Amino acid sequence: MVAVIGSGAIGGYFAAMLADASHDVTLCVRTPFERLVLEDGGTTRDIPVTIATDPAEVAETDFVVLATKAQDTGSAAPWFERLAGQNTSVLVAQNGVEHAQRVQPLAPGATIVPAIVYVAAERTRPGRVVHHSNSRMVLPDDPTGRGAKARFAGSALQVDLAEDFLTTAWRKLLSNICANPITALTLRRMEVFSEPAIRDLALGLMREGVAAARAAGARLADGEAEAVLSSYGGVNSQSGSSMLYDRLSGRSLEYDHLTGAVLRAAARGGVDVPLNRAIHALLAALDRSGEWRG
């Protein structure tokens, strides 16, 4: 048995990929539902998984995927108490660059495998996931990453290994500290980046991110921020971001694991990041207000 904690878009999709790789999958959920359905490429199919709603229903296993939002990591503690042991590998399929710091205290004996996920999917209702595009994950090129990659053999998920995982993780974070906050704060989709003033703000945020990343040991090249912004030209202008979707759905926001990670790295490295500090303050005030939640 392998287990997936979290039944959102990524959790549901990863559960499907593991089932396609011939594993017996237990999906650990908060909101009960009868079956997991995946819509993908014009087809709709039921995914053979066991759905568990109570940690007492599961036992220790050697492979767990954590697919909750980063801000909900603490909610997985009861599951880890039952699932994780000395021989368990925990694949952390979350945004950010602080995977081990978040998860290791909840599974102290387990091996933590950080993952960078490139999957465009959404949960339309409990138990139903729509896969729009991209099916790729990047793991560290080490024995733990290679072992996790093998778990998905035979599925449609492309798993790549990165020798310099730290740099790869920070490269994705650059986009996350830009697209997520700006769309969530403006309540607009990617078309907002057609405005010159927003593009200037985006570049400023990401250039600060590059400086913080370098202070943390990542080897980001000059022009990384410009490259990310340029890539937005190929994105559907009416697509959004996970933080925008969370705000529209009345969920808490992931800001402290994205922008907050930049602030913490900058503080350790003696780097000034005033734009990211301002964005973090605005998102924190918004999240604390809760006025937009249903």
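Throughout, residues of each chain are indexed from 1 in the direction in which the sequence is written. Local features in this predicted model are restricted to residues whose pLDDT is 70 or higher, and side-chain atom pairs enter the listing and the counts only when it is 80 or higher, whereas totals over whole chains, interfaces and linings include all residues. Derived side-chain values reflect all non-hydrogen atoms in the structure, with water molecules and hydrogen atoms excluded from consideration.

Concerning the overall build of the protein
Using the following cut-off: What counts as a helix is a DSSP run of H or I of at least four residues, what counts as a strand is a run of E of at least two, and both are numbered from the N terminus. The size measure is the radius of gyration over C-alpha atoms, and the globule rule it meets is 2.2 Å times the number of residues to the 0.38 power. Think of it in three bands: residues with accessible area under 20% of the maximum for their type are buried, residues over 50% are exposed, and the middle band is partly exposed, with areas taken using a 1.4 Å probe on protein chains only. In what follows, a contact means two residues having at least one pair of non-hydrogen atoms within 4.5 Å. Surface exposure here means Shrake-Rupley accessible area, sampled with a 1.4 Å probe, where a residue is shielded only by the protein chains that are shown. Positive charges are assigned to Lys and Arg, negative charges to Asp and Glu, while His and the chain termini are left out of the count. By convention, the charge on Lys lies at NZ, on Arg at CZ, on Asp at CG and on Glu at CD.
Looking only at helices and strands, one finds eleven helices and eleven strands in the protein. For the protein, the C-alpha radius of gyration of 19 Å lies close to 19 Å, the compact-globule estimate for 294 residues. If you line up the protein on its principal axes, its C-alpha atoms span 50 × 35 × 35 Å. When burial is assessed residue by residue, the protein has 52% of its 294 residues classed as buried. Across the protein, contacts joining residues at least 24 apart in sequence account for 63% of those joining residues at least 6 apart. Summed over its atoms, the accessible surface of the protein is roughly 12800 Å², and 48% of this surface lies on carbon and sulfur atoms. Separation of charge centres in the protein, based on 28 positive and 32 negative side chains, amounts to 2 Å.

Re helix α10 (residues 255–269)
Filter applied, for reference: Helices are assigned an expected span. That span is 1.5 Å times one less than the residue count. What we call the bend at a residue is the angle made by axes fitted to the seven residues finishing there and the seven residues starting there.
Spanning 15 residues, α10 covers 20 Å between terminal C-alpha atoms, matching the ideal 21 Å at 1.5 Å per step. Of all the bends in α10, the greatest, near 35°, is centred on A261. Every buried residue of α10 is accounted for by Y255, H257, L258, T259, G260, A261, V262, L263, A265 and A266. Here the buried face of α10 lies against α3 (99–103), α5 (165–176), α6 (179–186), α7 (196–215), α9 (242–248) and α11 (274–289).

Regarding the packing of α5 against α10
Here is the rule: Convention adopted: a line fitted to C-alpha atoms gives each axis, helices being fitted over their contacting stretch, and angles between N-to-C directions are expressed from 0 to 180 degrees. Relative orientations are named as follows: roughly parallel for angles under 35 degrees, roughly antiparallel for angles over 145 degrees, roughly perpendicular for angles from 65 to 115 degrees, and oblique for any other angle. Two helices that cross are described as forming a left-handed crossing if the nearer one is turned anticlockwise from the farther one by less than a right angle, and a right-handed crossing if clockwise. The residue classification treats Ala, Val, Leu, Ile, Met, Phe, Trp, Tyr, Cys and Pro as nonpolar and Asp, Glu, Lys and Arg as charged. All others, Gly included, are polar.
In contact at an axis separation of 9 Å, α5 and α10 are set at 120° when each is read in the N-to-C sense. Here α5 is positioned oblique relative to α10, judged by the angle of their axes. Viewed along their axes, α5 and α10 form a crossing whose handedness is left-handed. Facing α5, whose interface residues are W170, L173 and N176, α10 presents L258, A261, V262 and A265. Along the lines of polarity and charge, the residues of the contact of α5 with α10 split into six nonpolar, one polar and no charged.

Points about the side chain of T167
We apply this condition: Definition of a polar contact: a pair of N or O atoms within 3.5 Å, with one able to donate and the other able to accept a hydrogen when the atoms are protein atoms, and with sequence-neighbouring residues admitted only if both atoms are side-chain atoms.
Within the secondary structure, T167 sits in helix α5. A polar atom in the side chain of T167 sits 2.8 Å from the backbone nitrogen of R219. Setting aside its immediate chain neighbours within four residues, T167 contacts A218, R219 and L220.

Re the sheet that holds strand β1 (residues 2–5)
For the record, the criterion: For two strands to be treated as a pair, DSSP must find at least two bridges joining them.
If you trace the six strands from one edge of the open sheet to the other, you get β5-β2-β1-β6-β7-β8, paired in parallel fashion. Two strands lie at the open edges of the sheet, namely β5 (49–52) and β8 (111–114), each paired on one side alone. On average, each strand axis in the sheet is tilted by 20° relative to the strand beside it, whichever way the strands run. For strand β2 (residues 25–28) and β5, the ladder comprises four bridges, and the chain directions are parallel. Residue pairing across strands places C28 opposite A52, the latter belonging to β5. With respect to the sheet, helix α4 (residues 143–151) is in contact with β1, β6 (63–66), β7 (89–92) and β8, its orientation differing from that of β8 by roughly 75°.

Observations concerning the environment of V4
Within the secondary structure, V4 sits in strand β1. According to the relative accessible area criterion, V4 is buried, its value standing at 0%. V4 sits 260 residues away from R264 along the chain, and the two C-alpha atoms are 29 Å apart.

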